[in-house]
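Notes for the structure review
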Amino acid sequence: MKTDLLIITALESELKRDVLPSGVEMVYSGIGKINAVLASTKAIHQFSPRKIMNFGTAGKVNPQLDGLLEIGKVIQRDMMAEPLAPRGKTPFCDRPQEYLSSGKYICGSGDSFVTAPDPWLLSQGVDVVDMELFAIAYVASHHQIPWHSYKYITDDANESSGNDWQQKVHHGQDLFVEKLKQLLS
């Protein structure tokens, strides 16, 4: 089966399948980079998409941001293999350490829920943090498929983030669906 657009979202609570326009395929990856790699790879083989779009929730590092953001760059925030390589870089790996798309905001992906300030994120210009995008972009790039990502800010990446995320996890769905309809028209 072939599709023009494949949407990858971590959880049904972030985006319900039945609100999407017809003809758009979607998969739920589950939380984290390993789940995202597995689901993305499987979905690419199943749907042969021409484009991949990720939608999900994010915590904000940049306090001036809110709402739905288009991501332009993603880095890996939790690869910490010093002294073998600087933070964010996988040692002995020739794959890119960042992936670029058409948006203007920077996302730092990692397998942790950010609940405190991290000076390294600020030094890298990270605007928001998530747990799947780097893996999705990595797989899309490997298969030479363009990717795009929209993140809805649910929390301030602080000690209240867990509760804030649970209360707002579904708030970005309508904004994303509206953006998607604009992009498809």
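Residues numbered from 1 in each chain as written. Predicted model: local features only at pLDDT ≥ 70, side-chain atom pairs only at ≥ 80, totals over all residues. Heavy atoms only, no water.

Remarks on unusual backbone geometry
Our working rule: Segments assigned H or I by DSSP are reported as helices when at least four residues long, segments assigned E as strands when at least two residues long, and all are numbered from the N terminus. When a residue's accessible area, from a 1.4 Å probe over protein chains only, is under 20% of the maximum for its type it is buried; when over 50% it is exposed; and in between it is partly exposed.
A cis amide bond, omega 15 degrees, links Glu 82 with the succeeding residue Pro 83. With respect to the secondary-structure elements, Pro 83 resides in the loop between β4 (68-76) and β5 (98-100). Phi at Ser 48 is positive, roughly 45 degrees, even though this residue is not glycine. By secondary structure assignment, the location of Ser 48 is in the loop between α1 (33-47) and β3 (51-60). For Ser 48, a relative accessible area of 30% translates into the label partly exposed. Phi angles above zero are rare outside glycine, and Ala 157 is one such case at about 50 degrees.

As for the packing of α1 against helix α3 (residues 133-142)
The description of two packed helices rests on the angle between their axes and on the distance between the axes. Put simply, the test is: Only the stretch in contact is used when a helix axis is fitted, and all axes are lines through C-alpha atoms; the angle between N-to-C directions ranges over 0 to 180 degrees. Should the near helix be turned anticlockwise from the far one by less than a right angle, the crossing is termed left-handed; should it be turned clockwise, right-handed. Whether two residues are in contact is decided by their heavy atoms: any pair within 4.5 Å suffices. For this classification, Asp, Glu, Lys and Arg are treated as charged, while Ala, Val, Leu, Ile, Met, Phe, Trp, Tyr, Cys and Pro are nonpolar and the rest, including Gly, are polar.
Contact geometry for α1 and α3: axes closest at 8 Å, N-to-C directions at 35 degrees. Taken as a pair, α1 and α3 cross one another with a handedness that is right-handed. Between α1 and α3, the contacting residues are Lys 33, Ala 36, Val 37, Ser 40, Thr 41 and Ile 44 on the first element and Ala 135, Ile 136 and Val 139 on the second. Of the residues in the contact of α1 with α3, the class split is six nonpolar, two polar and one charged.

Some points on the environment of Ala 36
In this structure, Ala 36 sits in helix α1. What makes Ala 36 buried here is its relative accessible area of 0%. Taking the C-alpha atoms as reference points, Ala 36 and Phe 134, 98 residues apart in sequence, are found 8.9 Å from one another. Those residues in contact with Ala 36 that lie beyond four places of it in its chain are Ser 29, Glu 132, Ala 135 and Ile 136.

Here we look at the pairing of strand β1 (residues 5-9)
Counted only if it meets this: Two strands qualify as a pair provided that DSSP identifies no fewer than 2 bridges between them.
In terms of burial, β1 is largely enclosed, as five of its five residues are buried. Bridge count between β1 and β3: four bridges; the pairing is parallel. Counted as the bridge partner of Ile 7 is Met 53 from β3. Relative to strand β2 (residues 25-28), β1 runs parallel, the two sharing four bridges. Opposite Leu 6, over in β2, you have Glu 25 as the bridge partner.

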